[in-house]
Amino acid sequence: MKVRVLRQKSPVSEPYWEVFHYDGPKDNSVAGVLDYLNYNDDIVDVQGNKTTRIGWECSCLQGICGGCAMVINGLPALACNTFLKDLKGKEIEIRPLQKFPVIHDLVVDRTVIQENLKQMNVYIEEYHPAEGNHYEQQYLAAKCLKCGLCLEVCPNYVSGKNFYGALFANDCYLVASRNQEKVTEIKEVYRKYFGKTCSKALSCMDVCPMKIPTIASMARLNR
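Heads up: these notes are all about the structure in this document. Values in this document were obtained by computation on a predicted structure and should not be read as measured data.

1. Here we look at the pattern of salt bridges
Then comes step 1: Overall, the coordinates contain ten salt bridges when judged by the stated rule.
Then comes step 2: E91 is the partner of R4 in a salt bridge, and the nearest nitrogen-oxygen pair spans 3.5 Å. Of this pair, R4 sits in strand β1 (residues 2-7) while E91 sits in strand β7 (residues 91-95), placing them 87 residues apart in sequence.
Then comes step 3: Residue classification places E91 among the partly exposed residues on the basis of a relative accessible area of 35%.

2. Topic: helix α2 (residues 111-119)
Then comes step 1: Within the sequence span of α2, burial applies to I113, N116 and L117. Down the axis, α2 shows its buried residues gathered within 95° of arc, on one side only.
Then comes step 2: Tucked into the core, α2 has its buried residues touching α4 (149-153) and α5 (166-178).
Then comes step 3: Of the residues trailing α2, N121 is marked for its positive phi of about 55°.

3. Quick notes on the pairing of β1
Then comes step 1: In this sheet, strand β2 (residues 16-21) lies alongside β1 in antiparallel orientation, the contact comprising six bridges. Across the sheet, R4 pairs through a bridge with V19, a residue of β2.
Then comes step 2: Bridge analysis of β1 against β7 gives four bridges, and the strand direction is parallel. Within β7, the residue paired with V5 across the bridge is I94.

4. A few points about the side chain of E152
Then comes step 1: When you line up the elements, E152 lands in helix α4.
Then comes step 2: We note that E152 is buried and unpaired, the nearest opposite charge coming from K99 at a distance of 6.4 Å.
Then comes step 3: When neighbours within four sequence positions are excluded, E152 is seen to be in contact with V71, P76, L97, Q98 and K99.

5. Section: unusual backbone geometry
Leave glycine aside and you will find that most residues have negative phi; peptide bonds, for their part, are mostly trans.
Then comes step 1: The residue L61 is not glycine, and still its phi comes out positive at about 60°.
Then comes step 2: Its location among the elements puts L61 in the loop between β4 (50-51) and β5 (69-72).
Then comes step 3: Of note, D105 is a non-glycine position whose phi angle comes to about 55°, a positive value.
Then comes step 4: Locating D105 in the fold gives a position in the loop between β8 (102-104) and β9 (107-108).
Then comes step 5: Given a relative accessible area of 1%, D105 falls into the buried group.

6. Quick look at the pairing of β7
Then comes step 1: Inspection of the sheet shows β5 paired to β7 by two bridges, in the antiparallel sense. Looking at β7, one finds that V71 is bridged to R95.

7. Description of the packing of aromatic side chains
Then comes step 1: Overall, the coordinates contain six aromatic pairs when judged by the stated rule.
Then comes step 2: Measuring from centroid to centroid gives 4.7 Å for Y164 and Y193, while their planes differ by 10°, and the two rings are stacked. With Y164 in the loop between α4 and α5 and Y193 in helix α6 (residues 183-195), this pair connects stretches of sequence that are 29 residues apart.
Then comes step 3: On the accessibility criterion, Y164 (8% relative accessible area) is buried.
Then comes step 4: Aromatic ring contacts, followed pair by pair, group F163, Y190 and F194 into a single cluster.
Then comes step 5: Sitting over the ring of W17, R4 keeps its end group 4.3 Å from the ring centre.

Parameters at a glance
- Residues numbered from 1 in each chain as written.
- Predicted model: local features only at pLDDT ≥ 70, side-chain atom pairs only at ≥ 80, totals over all residues.
- Heavy atoms only, no water.
- Salt bridge = Lys/Arg side-chain N within 4 Å of Asp/Glu carboxyl O.
- Helix = DSSP H or I, 4+ residues; strand = E, 2+ residues; numbered from the N terminus.
- Buried < 20%, exposed > 50% of the residue type's maximum accessible area, 1.4 Å probe, protein only.
- Arc of directions from axis to C-beta.
- Contact = heavy atoms within 4.5 Å.
- Pairing = 2+ DSSP bridges.
- Lys, Arg positive; Asp, Glu negative; His and termini not counted.
- Phe/Tyr/Trp six-rings, centres within 6.5 Å; stacked < 30°, edge-to-face > 60°.
- Lys NZ or Arg CZ within 6 Å of the ring centre and 35° of its normal.

See below:
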């Protein structure tokens, strides 16, 4: 099996494709494939040329940290949760997320996610829940990994613009439902940085590894 990887040595260098041959376990995940290719000290491409280890990141390999988010065969996904048996064709194409600055190979800078939340003060602070809270929806919204897959696939999200995406909407709902004293403040930033621009494509829900029903968070917050 061939593995095509879009590589980039540094944030300012030009990206380029490199192709590798994979002959490891057939039941492996894409994360396992990358580990397999990086295992030896002497790494070569399909033409036998020496090259360097493929840069990528993760913390858990269990679908919890969100660090291994990348684009696999054209679809944003977590490498640890994507298995060869579920991929079509005899070639795997891997590239970094395209809506974030590339640091090195498949490693991208997702600082903007936390910066947007910090600037808009989307934090619970003190706990002042409303009566009759919808705990199930709160639990689901709180599972967000901040992996960035929802932003990658969103037709409305462009880095640097005033639209912060599904993860922002889920956090706004979570804060408003757990601190009633911040409801007015949170609904204002929600409308400005999400509600006015979201086209309800719901592609964010399709790719979310935690299957968060963002549409439910939006509906409850709008109420």
